[in-house]
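Descriptive analysis of the structure
These are the residues of each chain, in order.
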Amino acid sequence: MRKFLFCSALTLLIANAQTHERIAGHALSMQGLGPIRIGMSVADFRRLGLAMEAGYPPSNDPDSRFCNQAALARFPGISVMFENGTLTRIDIDSGNVKSVDGVGIGTTEKDAKKIYGERLVIEPNFYDAASHDLKVFSADGRYGMLFETDGKEVTGFRSGLNKSVQYVEGCE
C-alpha cells in the first residue's frame, strides 16, 4: 500500500512539474497559455494539476454557475476566469509572460502599435483617461486580447473570449 501511495504521489509531482514547465515556456495567445485553453471545462483544468488561490467571489468555486476569477497558486501574476464552469479569460498582471506577438508588461505603446498595426483598437482606460486599453481581436471577433497601459507602457494584459476580456473589474 505504501508503495502504491508513493508511486501515486510521485506521478502527481512529475505531472505537476511538467505542467509548470509547459506553462512557463509559453506565450499567451487569444486561445490560451500552453495547456491552459480558453473554453476548457473545470474538470479539464483540474486534470492539469493546477491550484487556484482564493479569488473573487470568496467561494473560489470554479464549478459555480456564475463567474469566478482566481490567481494560479504557483504562477505569480497569472489568474484565470471561469464563467458557468468554462474557462473564458487569462490575465497577466506581473512577470515575464508575453503575448505570442512579443508584447508584455513593460512593452511601450509605440512598440505595440508597430506590432499590431491597424488591427489595434486604442481606447481611454475606464478609470484614467491618461491610460489606455489597447485591444486586438481575432478575425472572427470571438477572441480578444487587451493590454492596459499607463499611457506609455503595458502594465497588464489579458486574453480570452471577447466579452470576458472586456470586463473592467474581473467578473464584472
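A brief look at the structure comes next. (Residues numbered from 1 in each chain as written. Predicted model: local features only at pLDDT ≥ 70, side-chain atom pairs only at ≥ 80, totals over all residues. Heavy atoms only, no water.)

The next subject is the pairing of strand β5 (residues 78–83). In terms of residue burial, β5 counts as a mostly covered element, since six of its six residues are buried. The two faces of β5 match: Ile-78, Val-80 and Phe-82 on one face and Ser-79, Met-81 and Glu-83 on the other face are all buried. With five bridges connecting them, strand β4 (residues 67–71) and β5 associate as antiparallel partners. Bridging from a neighbouring strand, Gln-69 pairs with Met-81 of β5. Pairing between β5 and strand β6 (residues 86–92): six bridges, direction antiparallel. Among the inter-strand pairings, Glu-83 is bridged to a residue of β6, identified as Thr-86. (Buried < 20%, exposed > 50% of the residue type's maximum accessible area, 1.4 Å probe, protein only. Helix = DSSP H or I, 4+ residues; strand = E, 2+ residues; numbered from the N terminus. Pairing = 2+ DSSP bridges.)

Attention shifts here to the side chain of Ser-131. Within the element layout of this structure, Ser-131 appears in the loop between β7 (121–124) and β8 (132–137). Given the relative accessible area of 10%, Ser-131 is considered buried. Here Thr-149 takes part through its backbone oxygen, which lies 3.4 Å from a polar atom of the side chain of Ser-131. Apart from residues no more than four positions distant in its own chain, Ser-131 is found in contact with Glu-123, Pro-124, Asn-125, Thr-149, Asp-150 and Gly-151. (Polar contact = N/O pair within 3.5 Å; in protein donor to acceptor, adjacent residues only side chain to side chain. Contact = heavy atoms within 4.5 Å.)

This paragraph deals with the packing of aromatic side chains. Inspection of every chain in the model, using the stated rule, returns four aromatic pairs. Relative to Phe-147, the ring of Tyr-116 lies with its centre 5.8 Å away and its plane at 35°, an arrangement referred to as tilted. Of this pair, Tyr-116 sits in helix α3 (residues 109–116) while Phe-147 is found in strand β9 (residues 143–149), placing the two residues 31 residues apart along the sequence. Taken as a pair, Tyr-116 and Phe-147 share a single burial class, namely buried. (Phe/Tyr/Trp six-rings, centres within 6.5 Å; stacked < 30°, edge-to-face > 60°.)

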